[in-house]
Amino acid sequence: MRLNDEKKKALQPIIAFFVIYMILFEFVEKVQPYNLHIIHCSLDHYIPFLEVFVIPYLLWFAFIAVTAIVLFYVDFSMFCRFCYTMMFGMALFIAVSYIYPNGLDIRPEHFPRENIFVELTRYVYKVDTPTNVLPSIHVYNSICALFAIWESEFFREKKMIRNGAFVLSMSICLSTMFLKQHSVFDVVLGLLLSCAAC
């Protein structure tokens, strides 16, 4: 598919942002101070570790990508709105991570069971450090995708897709807590921020 000049021009700052974001994300991940600010909420201790939620946690990547790709083709104005809303939250995340380096200490030391979901969780823990968690980008971007689908004219009458997006986005939000990837505080802040931005 050949892009017209208008779409090419609209894509340039979006692509540039995501390239810069990945560079800055790697920077704040690798350049950590000795004393991180530990994010903690008393509710975290009442939430069990449920490894099956690694499935919606990993589906986040596909959810965001598929939402962006579909909107690009069927509702370009909503695609741009979706991208810029994500960009706002992700830029804020980088700023918070640099100014207020933070992390978690709620991951389980030992897993209560051994199964394929635990193995996947071990992989997630290996590639995704428990640092710079505030606000949760998993939560923020999931809610941005949900609002983009709900507000797009293309999906207005497609109730199954709209309902499916709701179930998946909520499952992703829950997965961040059940996998001990985020504190309740990170999740609530991600929800509030996304609702305000969308």
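My aim in this report is to walk through the structure given alongside it, one point at a time.

Cut-offs used in this document
Residues numbered from 1 in each chain as written. Predicted model: local features only at pLDDT ≥ 70, side-chain atom pairs only at ≥ 80, totals over all residues. Heavy atoms only, no water. Helix = DSSP H or I, 4+ residues; strand = E, 2+ residues; numbered from the N terminus. Expected span 1.5 Å × (residues − 1). Buried < 20%, exposed > 50% of the residue type's maximum accessible area, 1.4 Å probe, protein only. Contact = heavy atoms within 4.5 Å. Polar contact = N/O pair within 3.5 Å; in protein donor to acceptor, adjacent residues only side chain to side chain. Salt bridge = Lys/Arg side-chain N within 4 Å of Asp/Glu carboxyl O. Arc of directions from axis to C-beta. Phe/Tyr/Trp six-rings, centres within 6.5 Å; stacked < 30°, edge-to-face > 60°. Lys NZ or Arg CZ within 6 Å of the ring centre and 35° of its normal.

In this model, helix α7 (residues 184-197) (14 residues) spans 20 Å end to end at C-alpha, consistent with the 20 Å of a helix rising 1.5 Å per residue. The set of residues buried in α7 consists of V184, D186, V187, G190, L193 and S194. Buried positions along α7 lie against α3 (76-99), α5 (137-151) and α6 (159-178). Two or three places before F185, at the opening of α7, S183 has a side-chain oxygen 3.1 Å from that residue's backbone nitrogen.

Here we take up the pattern of salt bridges. Note that side chains of opposite charge can pair when their charged atoms are close. Under the defined criterion, the tally for this structure stands at six salt bridges. The salt bridge partner of R81 is E151, with a shortest N-O separation of 2.6 Å. Highlighted residues: R81 in helix α3 and E151 in helix α5, separated in sequence by 70 residues. Overall, R81 belongs to the partly exposed group, its relative accessible area being 40%. Looking at E151, the relative accessible area reads 29%, which means it is partly exposed. For E119, the salt bridge goes to R122, with nearest N and O atoms at 2.6 Å. A residue pair is termed a helical-turn pair when its members lie 3 or 4 positions apart in one helix, as E119 and R122 do in helix α4 (residues 116-127) at three residues. Here E119 falls in the partly exposed class, since its relative accessible area comes to 42%. According to the relative accessible area criterion, R122 is partly exposed, its value standing at 31%.

Let us now look at α4. Residue pairs three or four apart in sequence face the same way in an α-helix, which turns once every 3.6 residues. Compared with the 16 Å implied by 1.5 Å per residue over twelve residues, the 17 Å span of α4 between its first and last C-alpha is a close match. Of the positions making up α4, those classed as buried are V118, T121, V124 and Y125. Considered in projection along α4, the buried side chains sweep an arc of 110° and stay on one side of the axis. Exposed residues on α4 whose side chains face more than 90 degrees from its buried face are I116, Y123, K126 and V127. Here α4 starts with a cap whose side-chain oxygen sits 3.0 Å from the backbone nitrogen of F117, and that cap is N115.

Attention shifts here to the packing of aromatic side chains. Applying the stated criterion to the full structure yields 16 aromatic pairs. Taken together, a centroid distance of 5.2 Å and an interplanar angle of 90° make the contact between F72 and Y73 edge-to-face. Put simply, the rings of F17, F18, Y21, F25 and F93 pair up and form one aromatic cluster. When the ring centre of F72 is taken as reference, the NZ or CZ atom of K7 above it lies at 5.1 Å. When the ring centre of F154 is taken as origin, the NZ or CZ atom of K158, which lies over that ring, is 4.2 Å away.

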